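Chain and residue survey
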Amino acid sequence: MVKWLFFDFGSTLVDERECEKYRFFYLLKQTDFLTEKSLKEKYKEYIMKNQSPYKAIIKEFNLTPILWPVHLEKIYPEVPYVLEQLARKYKLGIIANQSLGTEERLIQYGIRKYFDIIISSSEVGYSKPNKEIFNIALNAAKCLPNEAYMIGDRLDNDIEPAGKVKMHTIWVKQGLFGGFNLESMNNKPEIIVNTISEILNYV
């Protein structure tokens, strides 16, 4: 019996499209050998390999990274309603690769009240896809893996490792990583949705 639902943060609860656009054009400004079209093709190439295109392109072309533009994040408008409905049936938690201040951002977005556990990589010393961050969350929740869902937008960081520890999984195909290649994954998601609100149809 499922008791817990664990959520990723970025591109699952929070819309990061403007953040990604900002970083894309910052990369473009650094080069005179990549056009907007060719950079988009590079992004597509790495996404099809289930890799973060931003990190891969920085490494390939020796470009300068930029700090994540957190000020451009915004919560998906349907998220508060979805969490309110789910919190009536389940305990809710966060498992996310985030810098310090995750709880403050949840407060800012008005959704902190729905979460019983917040596990952030910067605070526990492990990052997804390391299975230890999932085990830390499960131990904190005092639940077995088969009593919990992991819900996220990334196959590599959310679905694959959660499947390895025997959690149930939901892939939310929102944002940049919705284009990941499902066929190459060993642990495929049990449920696939296109938006966070569709979760209500399954759990």
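Fair warning: this is a prediction, and the values are worked out from it, not measured in the lab.

1. Digging into the overall build of the protein
Each helix and strand counted, the protein has 8 helices and 8 strands in total. Projecting the C-alpha coordinates of the protein onto the three principal axes gives extents of approximately 55 × 35 × 35 Å. Across the 203 residues in the protein, those meeting the buried criterion constitute 50%. Put simply, 62% of the contacts in the protein that link residues at least 6 apart link residues at least 24 apart. Carbon together with sulfur atoms contributes 51% to the accessible area of the protein, which is approximately 10300 Å² in total. Across the protein, the 27 positively charged side chains and the 26 negatively charged ones have centroids separated by 2 Å.

2. Brief notes about the packing of helix H1 (residues 17-29) against helix H2 (residues 36-48)
Closest axis-to-axis distance for the H1/H2 pair is 11 Å, and the angle between their directions is 120°. Taken together, the axis directions place H1 and H2 in an arrangement best described as oblique. Like other packed secondary-structure pairs, H1 and H2 cross with a definite hand, here right-handed. Contacts between H1 and H2 involve Phe24, Phe25, Leu27 and Leu28 from the former and Glu36, Leu39, Lys40 and Tyr43 from the latter.

3. Examining the pairing of strand E4 (residues 91-96)
Burial of E4 is extensive: 5 of the 6 residues sit out of reach of the surface. Of the strand pairs in this sheet, strand E1 (residues 4-7) and E4 are connected by 4 bridges, and their pairing is parallel. Each bridged residue has a counterpart across the sheet, and for Leu5 the counterpart in E4 is Leu92. Note: E4 against strand E5 (residues 117-120), 4 bridges, orientation parallel. Residue Ile95 lies in a different strand from E5, and its bridge partner there is Ile119. Taking the sense of rotation as the criterion, the β-α-β connection linking E4, helix H5 (residues 102-108) and E5 turns out right-handed.

4. Remarks on the pairing of strand E6 (residues 148-152)
Here E6 lies mainly inside the structure; 5 of its 5 residues are buried. Neither face of E6 is open: one carries Ala148, Met150 and Gly152, the other Tyr149 and Ile151, and all of them are buried. Strand direction decides the pairing type here: E1 and E6, joined by 4 bridges, are parallel. Within the sheet, the bridge partner assigned to Leu5 lies in E6 and is Tyr149. The sheet contact formed by E6 and strand E7 (residues 168-172) spans 4 bridges and is parallel. Across the sheet, residue Gly152 finds its bridge partner in E7, namely Trp171. One crossover worth recording links E6 to the parallel E7 by way of helix H8 (residues 155-164), and it is right-handed.

5. A short note on the sheet that holds E4
As summarised here, the arrangement of the 6 strands in space is E5-E4-E1-E6-E7-E8, forming an open sheet in which the pairing is parallel. Two strands in the sheet have a free side with no partner beyond their single neighbour: E5 and strand E8 (191-193). On average, adjacent strands in this sheet sit at an angle of 20° to one another, irrespective of strand direction.

6. Considerations on the packing of aromatic side chains
In total, this model carries 7 aromatic pairs according to the counting rule given. Pairing Phe24 with Phe25 gives two aromatic rings, centres 5.2 Å apart and planes at 80°, and the pair type is edge-to-face. Its relative accessible area of 8% is what places Phe24 among the buried residues. Judged by relative accessible area, which is 35%, Phe25 ranks as partly exposed. Measuring from ring centre to ring centre gives 5.4 Å for Phe33 and Phe61, while their planes differ by 40°; the resulting arrangement is tilted.

Reading the values: rules and limits
Residues numbered from 1 in each chain as written. Predicted model: local features only at pLDDT ≥ 70, side-chain atom pairs only at ≥ 80, totals over all residues. Heavy atoms only, no water. Helix = DSSP H or I, 4+ residues; strand = E, 2+ residues; numbered from the N terminus. Buried < 20%, exposed > 50% of the residue type's maximum accessible area, 1.4 Å probe, protein only. Contact = heavy atoms within 4.5 Å. Areas by Shrake-Rupley, 256 points an atom, 1.4 Å probe, with all protein chains shown as cover. Lys, Arg positive; Asp, Glu negative; His and termini not counted. Charge placed at Lys NZ, Arg CZ, Asp CG, Glu CD. Axes fitted to C-alpha atoms, helices over the stretch in contact; angles between N-to-C directions. Parallel < 35°, antiparallel > 145°, perpendicular 65-115°, else oblique. Left-handed = near helix turned anticlockwise from the far one by under 90°. Pairing = 2+ DSSP bridges. Right-handed = clockwise from strand over helix to strand, strands pointing away. Phe/Tyr/Trp six-rings, centres within 6.5 Å; stacked < 30°, edge-to-face > 60°.

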